[in-house]
Amino acid sequence: MIGFFIALISGALMSVQGVFNTQVTKSSSIWVASAFVQFTALLVCLGAWLITDRGSLMAPLKVEPKYMLLGGAIGAFITYTVIKSMDALGPARAVMLIVVAQLLVAYVIELLGWFGVEKQPWEWRKAVGMAIAIAGIVIFKWK
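Structure report, in brief. Worth saying up front: this structure is predicted, and the values here are computed from it rather than measured.

Counting secondary structure elements, the protein contains five helices and zero strands. Overall, the protein shows an N-to-C arrangement of helices and strands of α-α-α-α-α. Seen through its principal axes, the protein has C-alpha atoms that stretch 45 × 45 × 30 Å. Going through the 143 residues of the protein one by one, you find that 16% of them count as buried. Within the protein, contacts between residues at least 6 apart in sequence are counted, and of these 56% link residues at least 24 apart. For the protein, the accessible surface area stands at approximately 10700 Å², while carbon and sulfur atoms represent 75% of it.

With that out of the way, let us pick up the side chain of Ser 34. Position of Ser 34 among the secondary structure elements: in helix H2 (residues 30–53). Here Ser 34 falls in the buried class, since its relative accessible area comes to 3%. Apart from residues lying up to four places away in sequence, Ser 34 is in contact with Ala 76, Thr 79, Tyr 80 and Ile 83.

Thresholds applied
- Residues numbered from 1 in each chain as written.
- Predicted model: local features only at pLDDT ≥ 70, side-chain atom pairs only at ≥ 80, totals over all residues.
- Heavy atoms only, no water.
- Helix = DSSP H or I, 4+ residues; strand = E, 2+ residues; numbered from the N terminus.
- Buried < 20%, exposed > 50% of the residue type's maximum accessible area, 1.4 Å probe, protein only.
- Contact = heavy atoms within 4.5 Å.
- Areas by Shrake-Rupley, 256 points an atom, 1.4 Å probe, with all protein chains shown as cover.

Structure (structure tokens):
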């Protein structure tokens, strides 16, 4: 049950962060804003590490395969695309599309067993759920 609440908090924080980042971009450039976001995230993570963990900072370099270390680089592009989509579509539309894209890609990753994820069988109810989510976007956007 804790995972459920953490996921809800994550979604809420992502929406707020997207709005904040879009506003910061208005007084700088998108790449400056993205760099600032990533830098402040680094500071928070280092502070949390100092308070709680104190494990080796070099431990992630042991991960295999090495392409798994690209999460931070992907994060920079996530920040960029969230800012651009929120600016172009507004927070609600952008987040709906982002969440459905996340769901679709996550399901494909599970179905195909990519990136070391345990392969899952096809389920019609999940496909129907995805179709309902897409229909929700259409209804939400409908004027």
